[in-house]
Amino acid sequence: VQLQASGGGLVQAGGSLRLSCAASGRTFRSDTISWFRQGPGKEREFVAGIFRSYGRSYYADSVKGRFTVSRDNAKNMWFLQMNSLTPEDTAVYYCAASGRVILSAMRSRDSYDYWGQGTLVTVSS
């Protein structure tokens, strides 16, 4: 099983990026899928996710209204559309998935079994 994150890059403040996560090895249509990020000198934190196959999405307060998480089960992929980026969004972004996540623990990185390798997003001021 492999998750491949892509789409990172350098963008100016106020700009947009779309991250993609391509999964292979098994289908993740019933799993909870999420994005985490780890900024310089910081711990890895939850950014956004979709709980199981129910379709409801959840966001960190810091990105609510600016980021949108989505999934394409037919392609076994999920995405993070990031708008109105700020330098505080600079981080390595990781996609993650798991079939055992419970809603109350969705924001905990310990809930996830599968991780992508990370893609770097740098926002310049």
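Our structure is the block above this text.
Just so we're clear, the structure is a prediction, and the values are computed from it rather than from any experiment.

(A) Representation of unusual backbone geometry. One non-glycine residue, Asn76, lies in the positive phi region at around 55°. Tracing the backbone shows Asn76 in the loop between strand E7 (67-72) and strand E8 (77-82). Unlike most non-glycine residues, Ser84 shows phi in positive territory, near 50°. Of note, Ser84 is situated in the loop between E8 and strand E9 (91-98).

(B) Inspection of the packing of aromatic side chains at higher detail. In the structure shown here, the tally under the stated rule is eight aromatic pairs. Their ring planes at 65° and their centres at 5.9 Å tell us that Phe28 and Trp78 sit as a pair that is edge-to-face. You can see Phe28 sitting in the loop between strand E3 (17-24) and strand E4 (32-38) and its partner Trp78 sitting in strand E8, a full 50 residues away along the chain. Both residues of the pair, Phe28 and Trp78, count as buried. Taking the centre distance of 5.7 Å and the plane angle of 80° together, the rings of Phe36 and Phe46 count as edge-to-face. Of the two residues, Phe36 sits in strand E4 while Phe46 sits in strand E5 (residues 45-50), which places them ten residues apart along the sequence.

(C) Summary view of the nonpolar core. Residues Trp35, Trp78, Leu80, Met82 and Tyr93 are the most contacted members of the largest nonpolar core, which totals 28 residues. Phe51, Tyr58, Ala96 and Val101 belong to the second largest nonpolar core, which has eight residues in total.

(D) Inspection of the pattern of salt bridges at higher detail. Taken as a whole and assessed by the stated rule, the structure comprises six salt bridges. Put simply, Asp89 and Arg37 hold a salt bridge, and the shortest N to O gap is 2.9 Å. On the criterion of sequence distance, the pair formed by Asp89 in the loop between E8 and E9 and Arg37 in strand E4 is long-range, its members being 52 residues apart. Given a relative accessible area of 6%, Arg37 falls into the buried group. Each of Arg37, Glu45, Arg66 and Asp89 takes part in one network of salt bridges that share partners.

Cut-off values and rules
- Residues numbered from 1 in each chain as written.
- Predicted model: local features only at pLDDT ≥ 70, side-chain atom pairs only at ≥ 80, totals over all residues.
- Heavy atoms only, no water.
- Helix = DSSP H or I, 4+ residues; strand = E, 2+ residues; numbered from the N terminus.
- Phe/Tyr/Trp six-rings, centres within 6.5 Å; stacked < 30°, edge-to-face > 60°.
- Buried < 20%, exposed > 50% of the residue type's maximum accessible area, 1.4 Å probe, protein only.
- Core = buried A, V, L, I, M, F, W, Y, C linked by side-chain atoms within 4.5 Å.
- Salt bridge = Lys/Arg side-chain N within 4 Å of Asp/Glu carboxyl O.

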